[in-house]
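Each chain, written out:
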Amino acid sequence: MRRKFGIIFSILGIFGAAAAIIVFLNVMRPKPEDRETDLAAPSVFIEVATPTTTTVDVVTQGEVRPRTDINLTAQVGGRIVSTDRSFVNGGAFKKNDVLLRIEDTDYQLALTRAQARVAQAQQALNQEQAEADLARRDWEELGDGSPPSDLTLRLPQLRQAEANFQSARADEREARLNLDRTVIRAPFDGRVRTINVGLGQFITPGAQLGGIFSTDVAEIRLPLSDTDFATLRLPIAFTASDAAPGPDVILSSVVGAVSHEWRGQIMRTEGAIDTATRQIGAIAVVNDPYGAGADQGVPLAMGLFVDATIKGRALDNVYVIPSTALYGRDAVYVVDDQNKLERRKVTTAAVTAKSVVVVAGLAPGEKVVISPLRGNGAGDAVTPIDSDDSQSRATPAPPTTAAAQR
């Protein structure tokens, strides 16, 4: 037992000595100096504001429509005896082409009767003129020198004969006009939209024969906002002229899985604001859309929905910066000489998915922050990095459009 207790006390003595040594070392270890840790300022990409000249375009959309779209209406009744081969859905025709013919036998007979009445009225008028001349000579030979009365000179009868003659001539012109109306001619160059009648069908005056539209000019109504009008400098109720031509327009659409473009021009703007959308329509015009105005043989077909890029005016001394620099609608951050952030309100002329055109609020040489600020704000210190020195970031392209997402 004594031996066991001796071993235990020896072990406890060893552990106690080790603990004492550890405590002594901790007490004697020099304490670390307390000092503040300096945090590095966050890095931001910047772009130096450089004034430049750029063109601001406006992007919108619209539907192609003909300038003239009408329904052919019969002015006389009868049976249709012939139709032109162009009088089919989609058929093309030229001005004054004969589209339909109505049976004209009754109208030929009516013209013949009218011509006969003209001849009779002419004969009666000639006879009455002769009798009036004879009455005047008799009065001059046998009269007492006083002025003759109208009845003595047969003037009422002469006027009646003249009126009958003019009435007969009017009937003849009417009969000839009705005869001419049996031939339905195209009033302009165009195409057939719909047909409502066919060969052998009897029609009455006022019957709808079919729908046609002109192809000399295509019109596209392009809705524009007030900002778009300011960008293009277009007034309300604008009408293009030689002295003040309208902006050029590029129309584009996909036809047959192939993208096509057509060239046009703004010719006028509407004189009233759309109460539903608060926008104003600008009318773009493309001449000869099925001929010279076609793109590689593909016409600007009526009813086609197109994207329109209206060429805007050139802006001088503006700043083109990436859209990532814009905070809200009208604010950017710049880095001052002390590398601190400053919030700056700017005026923009165009905002797209890639670029912003600033017309006021920046000065040449200022450092504009173009990378996101994660929790930093005005007055915070940053480390600016010129975007031109970074190879990992692509340079934004200058803006080509000024329209917001519609």
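Cut-offs and rules
Residues numbered from 1 in each chain as written. Predicted model: local features only at pLDDT ≥ 70, side-chain atom pairs only at ≥ 80, totals over all residues. Heavy atoms only, no water. Helix = DSSP H or I, 4+ residues; strand = E, 2+ residues; numbered from the N terminus. Contact = heavy atoms within 4.5 Å. Areas by Shrake-Rupley, 256 points an atom, 1.4 Å probe, with all protein chains shown as cover. Pairing = 2+ DSSP bridges. Axes fitted to C-alpha atoms, helices over the stretch in contact; angles between N-to-C directions. Phe/Tyr/Trp six-rings, centres within 6.5 Å; stacked < 30°, edge-to-face > 60°. Buried < 20%, exposed > 50% of the residue type's maximum accessible area, 1.4 Å probe, protein only.

Student: Quick question: what am I supposed to make of the overall build of the protein here?
Tutor: Regarding its fold elements, the protein presents four helices and 23 strands. By sequence separation, contacts in the protein at least 24 residues apart represent 76% of the contacts at least 6 residues apart. Just so you have it, the protein exposes about 24800 Å², and 52% of that area is on carbon and sulfur atoms.

Student: I would appreciate a short explanation of the sheet that holds strand β12 (residues 217–224) in the present structure.
Tutor: Each strand in a sheet pairs with its neighbour through backbone hydrogen bonds, running either in the same direction (parallel) or in the opposite one (antiparallel). Within the closed barrel, the six strands sit side by side as β3-β12-β15-β14-β13-β16. Their pairing is antiparallel. Strand-to-strand twist of the sheet, defined as the mean angle between neighbouring strand axes without regard to direction, takes the value 40°. Where strand β3 (residues 58–66) meets β12, three bridges bridge the pair, whose relative direction is antiparallel. Along β12, the bridge assignment pairs valine 64 with isoleucine 220.

Student: Sorry, what's going on with the sheet that holds strand β18 (residues 331–335) here?
Tutor: One open sheet accounts for five strands, arranged β19-β18-β22-β1-β23; its pairing is mixed. Looking at strand neighbours, the two that pair on one side only are β19 (341–345) and β23 (383–386), the edges of this open sheet. On average, each strand axis in the sheet is tilted by 45° relative to the strand beside it, whichever way the strands run. Pairing between strand β1 (residues 43–48) and strand β22 (residues 367–369): three bridges, direction antiparallel. Each residue of the ladder has a partner; that of glutamate 47, found in β22, is valine 368.

Student: Which parts of the structure should I look at to understand the packing of aromatic side chains?
Tutor: Aromatic ring pairs: the centre-centre distance and the angle between the two ring planes describe each pair. For the structure on display, the rule yields one aromatic pair. Summarising the aromatic geometry, the rings of tyrosine 327 and tyrosine 333 are spaced 5.2 Å apart at their centres and angled 90° between planes, so their arrangement reads as edge-to-face. With relative accessibility at 22%, the residue tyrosine 327 sits in the partly exposed group. The class for tyrosine 333 is buried, based on a relative accessible area of 9%.

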